[in-house]
Amino acid sequence: MAVKSLVLTGYGINCEMETAYANRLAGADATIAHINDVIDGKYKLEDYQILNFPGGFSYGDDLGSGKAFANKVLYAKTPKGPIMDDIRKFIDDGKLIIGICNGFQILVKMGLLPAFDKDYRAQTTTVFYNDKGFRDAWVNLKVNPASQCIFTKGIEKMYLPIRHGEGKFIPGDKAILDRLWKNGHVVMQYADESYKPSMEFPMNPNGSVDSIAGICDETGRVFGLMPHPEAFNHIVNHPHYTRMADEYRRKGKVMPEESDGIKVWRNAVAYAKEKLA
Ligand SMILES: NC(=O)CC[C@H](N)C(=O)O
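Keep in mind that this is a model prediction, so the values were computed, not measured.

1. Description of the site of the ligand
Then comes step 1: In the vicinity of the ligand there are 14 residues, among which Gly56, Asp61, Cys101, Arg163 and Glu166 approach most closely.
Then comes step 2: Taking Gln105, its side chain carries an N or O atom lying 3.0 Å from an oxygen atom of the ligand.
Then comes step 3: A distance of 3.2 Å is found between a nitrogen atom of the ligand and a side-chain nitrogen or oxygen belonging to His228.
Then comes step 4: For the ligand, whose free accessible area comes to 300 Å², the fraction covered by protein is 98%.
Then comes step 5: Looking at the shell around the ligand, the elements with two or more residues in it are helix 5 (102-110) and strand 9 (157-164).
Then comes step 6: A class-by-class count of the residues in the shell around the ligand yields three nonpolar, eight polar and three charged.

Rendered as structure tokens:
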């Protein structure tokens, strides 16, 4: 079965090409579609198994990153009815959704993450301005082994790029934070060189509560994160590639080409092939 992945784009989204490329490297048949063409019914969510909300500056981050795009999805109607009905069915049919950076901000501000009790419209967390301004860097990430996230299955740690100004993850209150931890919604945390979660800047690049960098819903099939796995789609993207390549050459070893980023979509494609064939 060919796993079909829909990569949304829209005004200000700028990571759709790399996101589609990462899907294809992982074996999915990826299609890039403008959200307006999905709303107009030219692309039907039911035809796909993975839905990607890529990074960027949708609607110029007006109203706060992701808010305008979130409202568009929450209230838009396709020729068949509210697009939220299609998104709800997409999740109920066992399919997968990933939101990256701006895409994560959209999912959080829609309420599609963490979606306690499958209430896809109740916003319980947000992502706010970084404590120290826009941050363009690479970060160490520790994956929470207690999370049910499908996308990070078998992954203990990652090294990924970030580039955002409004990535500070803030749960609505202590009860929501406790529930995120208790029910496996916390997927990954910003960490130090030894991959121990850290609240210290720049390991925690934005001041996120508990250094949370990504969360999932209760099914583990809806996942969002501020870092950009699609931007680490080949080992040559790594900031220390030359030094690493020299090391492998000196040891007479072949350097693996697979990157941390692609593993996220490899997990999604494997799940879709097994569960959605
Ligand atoms: N790279 C991105 O997706 C950026 C997200 C958002 N525009 C921010 O600056 O926080």
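Next comes the rest of the account.
2. A short note on the pattern of salt bridges
Then comes step 1: Per the counting criterion, the structure on display carries 14 salt bridges.
Then comes step 2: With a closest N to O distance of 2.8 Å, Asp246 and Arg249 form a salt bridge. Placement of the pair is Asp246 and Arg249 together in helix 7 (residues 241-250), with a separation of three residues, close to one helical turn.
Then comes step 3: Take Asp246: its relative accessible area is 33%, and that puts it in the partly exposed class.
Then comes step 4: Across the pair Glu274 and Lys275 runs a salt bridge, and its minimum N-O distance is 3.7 Å.

3. Side note on the sheet that holds strand 3 (residues 50-53)
Then comes step 1: One open sheet accounts for nine strands, arranged 2-1-3-6-13-12-11-8-9; its pairing is mixed. This sheet does not close on itself; its edge strands, each paired only once, are strand 2 (29-34) and strand 9. In this sheet, neighbouring strand axes are inclined to one another by 25° on average, regardless of whether the strands run parallel or antiparallel.
Then comes step 2: Relative to strand 12 (residues 212-216), strand 11 (residues 186-191) runs antiparallel, the two being bridged by three bridges. Bridge pairing links Gln189 to Ile212 in strand 12.
Then comes step 3: Sitting on the sheet, helix 5 is in contact with strand 3, strand 6 (96-100), strand 12 and strand 13 (222-225), with an inclination near 115° to strand 6.
Then comes step 4: The strands touched by helix 8 (residues 260-275) are strand 3, strand 6 and strand 9; relative to strand 9, the strand with the most contacts, the crossing angle is about 110°.

4. Section: the nonpolar core
Then comes step 1: Of all hydrophobic cores here, the largest spans 81 residues; its most connected members are Ile87, Ile97, Met110, Leu112 and Met188.
Then comes step 2: Counting residues per element, this core draws most heavily on helix 8, which supplies seven residues.

5. Quick notes on the confidence of the model for the chain
Then comes step 1: Chain-level pLDDT for the chain is 97 on average; 100% of the residues reach the 70-or-more range.
Then comes step 2: Here the predicted complex carries an ipTM of 0.97, next to a pTM of 0.97.

Reading guide: rules and limits
Residues numbered from 1 in each chain as written. Predicted model: local features only at pLDDT ≥ 70, side-chain atom pairs only at ≥ 80, totals over all residues. Heavy atoms only, no water. Near = heavy atom within 4 Å. Polar contact = N/O pair within 3.5 Å; in protein donor to acceptor, adjacent residues only side chain to side chain. Areas by Shrake-Rupley, 256 points an atom, 1.4 Å probe, with all protein chains shown as cover. Helix = DSSP H or I, 4+ residues; strand = E, 2+ residues; numbered from the N terminus. Nonpolar A, V, L, I, M, F, W, Y, C, P; charged D, E, K, R; others polar. Salt bridge = Lys/Arg side-chain N within 4 Å of Asp/Glu carboxyl O. Buried < 20%, exposed > 50% of the residue type's maximum accessible area, 1.4 Å probe, protein only. Pairing = 2+ DSSP bridges. Axes fitted to C-alpha atoms, helices over the stretch in contact; angles between N-to-C directions. Contact = heavy atoms within 4.5 Å. Core = buried A, V, L, I, M, F, W, Y, C linked by side-chain atoms within 4.5 Å. pLDDT = per-residue confidence, 0-100.

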